[in-house]
Amino acid sequence: MKRNELKNLTLAAMFLALGYVLPLLIGQIPQVGMMLLPMHIPVFLCGLICGWKYGGAVGFILPLTRSAIFGMPPMFPNAMAMSLELAVYGLVVGLVFGLVRHQNLLTLYFAIIVSMIAGRIMWGLAMWVLLTVSEGAFTLQTFFTLAFVNAFPGIILQLVLLPAVMIVLNRIGLVSFRRQAATTS
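Now for a quick tour of the structure. (Residues numbered from 1 in each chain as written. Predicted model: local features only at pLDDT ≥ 70, side-chain atom pairs only at ≥ 80, totals over all residues. Heavy atoms only, no water.)

This part takes up helix α6 (residues 105-133). When the terminal C-alpha atoms of α6 are compared, their 42 Å separation across 29 residues agrees well with the 42 Å that a helix rising 1.5 Å per residue should span. Two to three positions downstream of the cap, the backbone nitrogen of leucine 106 sits 3.0 Å from a side-chain oxygen, assigning the N-cap of α6 to asparagine 104. Glutamate 135 occupies a position one or two residues after α6 and carries a positive phi of about 60°. (Helix = DSSP H or I, 4+ residues; strand = E, 2+ residues; numbered from the N terminus. Expected span 1.5 Å × (residues − 1). Polar contact = N/O pair within 3.5 Å; in protein donor to acceptor, adjacent residues only side chain to side chain.)

The following block contains the structure:
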């Protein structure tokens with residue numbers, strides 16, 4: 001195993017563990033935990049730092065294993081839909097940020113916002129399918145309320161915390177932003 005792969009695998013395991021612990025610290029009051037979205041933060045960081053493969057894998061595994069170990073979130077439909085949502089977060093943020101030539105605060109925000117939109121769409125589709133199959137109801141109004149209105153504090157927290165952490169890691173040399181200039185022909 002290459003050194004970089006071992007480093008990413010170790011970091012991914014750390015982000016997975018962080019995804020187990022953060023909800024225990026924040027989620028003692030379930031409504032607060034649901035608003036602050038504590039499992040999302042380690043998945044985003046994993047995708048940004050380790051890349052899309054690790055971010056996608058940690059995002060997929062985290063809600064399912066956390067549900068199996070701690071009983072939260074409930075496996076059906078929450079953990080099942082969240083596993084797809086978080087997998088998309090980790091995968092998309094890692095892909096988008098990894099593909100840009102010049103990594104900076106603007107491209108970091110772009111990657112985070114694009115992945116937030118893609119992940120929420122995936123969550124909505126998954127919830128719709130799971131609840132339709134089980135003869136439940138999942139309306140467009142329910143989607144917007146749960147994905148954006150109720151999650152607004154967590155979205156703001158992510159938009160503040162994730163760039164701050166990445167900038168600090170870049171400044172202390174633990175993560176390096178690529179600074180390639182665009183080539184002109």
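Further notes follow.
With that settled, the discussion passes to the side chain of arginine 66. If you trace the backbone, arginine 66 turns up in helix α4 (residues 52-70). Here arginine 66 sits buried without a salt bridge, and the closest side chain of opposite charge, glutamate 85, lies 13 Å off (N-O distance). Looking at arginine 66, its side chain comes within polar contact range of the main-chain oxygen of tyrosine 20, at 3.4 Å. The contact partners of arginine 66, leaving out residues within four places of it in the chain, are Gly19, Tyr20, Pro23, Leu24, Met39, Gly71, Met72 and Pro73. (Buried < 20%, exposed > 50% of the residue type's maximum accessible area, 1.4 Å probe, protein only. Lys, Arg positive; Asp, Glu negative; His and termini not counted. Salt bridge = Lys/Arg side-chain N within 4 Å of Asp/Glu carboxyl O. Contact = heavy atoms within 4.5 Å.)

Right, let's get into the packing of aromatic side chains. In the structure shown here, the tally under the stated rule is eight aromatic pairs. Chaining the aromatic ring pairs together yields one cluster made of Trp123, Phe138, Phe143, Phe144 and Phe148. (Phe/Tyr/Trp six-rings, centres within 6.5 Å; stacked < 30°, edge-to-face > 60°.)

For the rest of this paragraph, the subject is unusual backbone geometry. Of note, the amide linkage connecting methionine 72 to proline 73 takes the cis form, showing an omega dihedral of -5°. Here phenylalanine 76 and proline 77 are connected by a cis peptide whose omega angle stands at -5°. Among the secondary structure elements, proline 77 is positioned in helix α5 (residues 75-99). Of note in this structure, leucine 37 is not a glycine but carries a positive phi near 50°.

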